[in-house]
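One-letter residues, chain by chain:
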Amino acid sequence: IPSLPPFLLDSTPVHREHALPKTLVPAAALPATAMDTRVPPVPMDPATAERLRRDGHDPDEMEAVFARVLSRIHFALPDQSVSVDARLFGLLPHDSVDCVSRLPDVLLRNIVSRLPVKDGARTAALSRRWRGVWRSAPLVLVDSHILPAGTAAARADARRVTSAVSRILDAHPGPFRCVHLTSSHMEDFPGLLARWLQILAVKGIQDLVLVNRPWALDFVIPSTFLGMTTLTRLYLGLWKFPDTAGVRRSTCFPNLLELGLCCVFMESKDLDFILDRSPVLEKLCVHGNLFKLSLCLVSQSLRCVKITGSFFEEIALVDAPCLERLILTGCWTRGAVCTKVKIGHAPKLHSLGYMDPGSHVLEFGNTVIKAGTKVSPSTKVPSVRILALEVRCGGRNDVKMIPTVLRCFPNVETLHIKSEESGQPSGKNLKFWNESGTIECIRSCIKLLVFHDFRGDRSELAFLKFFFEGALVLKEVVLVLANGSFTTMEDIRSKVKPLMSMKRARDSSIMVDTNGRSIGNFKRASDFSLLDPFGDY
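So, here is what we can say about the structure in this document. This structure is a prediction, so every number in the text was calculated from the model and none was measured.

Rules used throughout
- Residues numbered from 1 in each chain as written.
- Predicted model: local features only at pLDDT ≥ 70, side-chain atom pairs only at ≥ 80, totals over all residues.
- Heavy atoms only, no water.
- Disulfide = S-S within 2.5 Å.
- Buried < 20%, exposed > 50% of the residue type's maximum accessible area, 1.4 Å probe, protein only.
- Helix = DSSP H or I, 4+ residues; strand = E, 2+ residues; numbered from the N terminus.
- Pairing = 2+ DSSP bridges.
- Contact = heavy atoms within 4.5 Å.
- Expected span 1.5 Å × (residues − 1).
- Arc of directions from axis to C-beta.

### Concerning the state of the cysteines
Here comes step 1: For the structure on display, the rule yields zero disulfides.
Here comes step 2: Free cysteine: C408, not disulfide-bonded; nearest cysteine sulfur from C441 at 9.9 Å.
Here comes step 3: For C408, a relative accessible area of 0% corresponds to the buried category.

Written out as structure tokens, the structure reads:
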């Protein structure tokens, strides 16, 4: 097992909070709720532990780090289409007639394809009627269902899973509707993964999730997957992307609608390659990127781009005529380098955020938006209706930037503000808001304000007072309380009471949400049945 790449152990301070030494992703990059508790433990084998000691790392610490990373990756993955809780019963209570077996073949195949793979295969033993159903049903394989629930995925257990996956892929004739492979240590089987990918390609895989176990971190995924023309959804996690320089120009993902890249080590040219070869791609999800990548969006089909827990040098919307949502959550800086967000041709951009003045720099053409920049028609995005901002209301730099940023989005109707602690004395910038002047979207467009992580300090109250006095069409304000900031209902009332006496639009209401819910859910961001990707208000 190769040594850990040095960039994974970088302890350079980041903007949002200082990262702990030897962490893969800054501790503040994702909320604690962005964890998948279904992921079994990742016990380290003795050989790996000894190698880490020789390289100067604490195995226990690294085991904990990668357990968190793996959990967050699984949190970002799409939901499984089958559940281990599913059960198949042919008889109703107190009924001796087998009704299920009388159903047409097409319905039986549909039923079996919704069962965990072990249960689906076992239906062949029920009767002659069921004998060929599993083999004729589209395969749905989630390898984590092969082990008993909660089993630690040690290497010995992972090898059993790997062996079972090979048997299943060989035995089932296809087509393969959905295959999630997340439980194998593929470095133990360097030639097997290429064979699996070849079988998946031949048998028409549509939905593929492929996540390596945390060691080793520089394992190159075979380029075989680049030939899977039937894919409609692809998620990759903890791989090194193959070099695309020598890949045939004819390579294409003609049916790919959704692409997820979770802690995938790749270069900008490789990301450009796969976007260029996906003519109907609608959703792009990037999670846990650690490299100096630039994302240049030139796509006639993309509707949603989600970037979480990542660092990019630049995100440029060059030509994205169908893009509706650009979601940035848990993004961070490396040193003093911020991410440039360049908005070019994106006429349908409807939802944008979370923009953070400390992590992002807005740019339109050759104009960089700074505090006090005079906004012109060329630096306005009239299509945006939902805007989300991270704000340190007590931070001088943020307070100066927010009015300018808001003036770039004159037609915003829903504004989400995520309040961050600034570390500066509360109330230091109380006078600034009164000097900010009129902001068009606040005065005539914003109907809903959702203020997340409300603590009730003086700087937050000053911002809200300024906002209320200028928001002439405001209908509703939702205050989402910060977790741990209030201990009693009386404490809540004392902090909210000053808002009730503030001058605000007639008929506007204030609602207090005490649940302290997580925001920017990774999955809901691309759910187009939900109008607001940042909340359910």
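Anyway, onward from the coordinates.
### Notes on the pairing of strand 13 (residues 360-364)
Across a regular strand the side chains alternate sides, sitting on one face of the sheet and then on the other.
Here comes step 1: Burial analysis of strand 13 places four of its five residues in the buried class, which makes it a mostly covered element.
Here comes step 2: Bridge count for strand 11 (residues 339-345) against strand 13 is four bridges, and the pairing is parallel. Its bridge partner lying in strand 13, V341 is registered against L362.
Here comes step 3: Pairing geometry for strand 13 and strand 14 (residues 367-368), over two bridges, is antiparallel. Pairing of E363 across the sheet is with V368, part of strand 14.
Here comes step 4: In this structure, the hairpin formed by strand 13 and strand 14 is closed by a connection of two residues, where G365 is found at a positive phi of approximately 60 degrees.

### Focus: the environment of Q80
Here comes step 1: Its place among the elements puts Q80 in the loop between helix 2 (59-76) and helix 3 (105-112).
Here comes step 2: In this structure Q80 comes out as partly exposed when scored by relative accessible area, which is 30%.
Here comes step 3: Leave out the neighbours within four places in its chain, and Q80 touches V142, S144, H145 and H180.

### What about helix 12 (residues 489-500)?
Here comes step 1: With 12 residues, helix 12 extends 16 Å from end C-alpha to end C-alpha; this agrees with the ideal 16 Å at 1.5 Å per step.
Here comes step 2: Of the residues making up helix 12, those classed as buried are I492, V496 and L499. For helix 12, the angular spread of buried residues about the axis comes to 20 degrees, placing them on one side. Those residues of helix 12 that are exposed and angled more than 90 degrees off the buried face are E490 and K497.

### Comments concerning unusual backbone geometry
Trans is the common state for peptide bonds, and a negative phi is the common state for residues other than glycine.
Here comes step 1: In this structure, the amide linkage connecting G174 to the following residue, P175, adopts the cis form with an omega of 0 degrees.
Here comes step 2: The topology assignment puts P175 in the loop between helix 6 (155-171) and strand 2 (176-181).

### Quick look at the pairing of strand 5 (residues 258-262)
Here comes step 1: In terms of burial, strand 5 is a largely internal element, five of the five residues being buried.
Here comes step 2: Neither face of strand 5 is left uncovered, since the one carrying E258, G260 and C262 and the one carrying L259 and L261 both have all their residues buried.
Here comes step 3: When strand 4 (residues 233-237) meets strand 5, the two strands line up parallel, connected through five bridges. Considered in strand 5, the bridge of G237 is made with C262.

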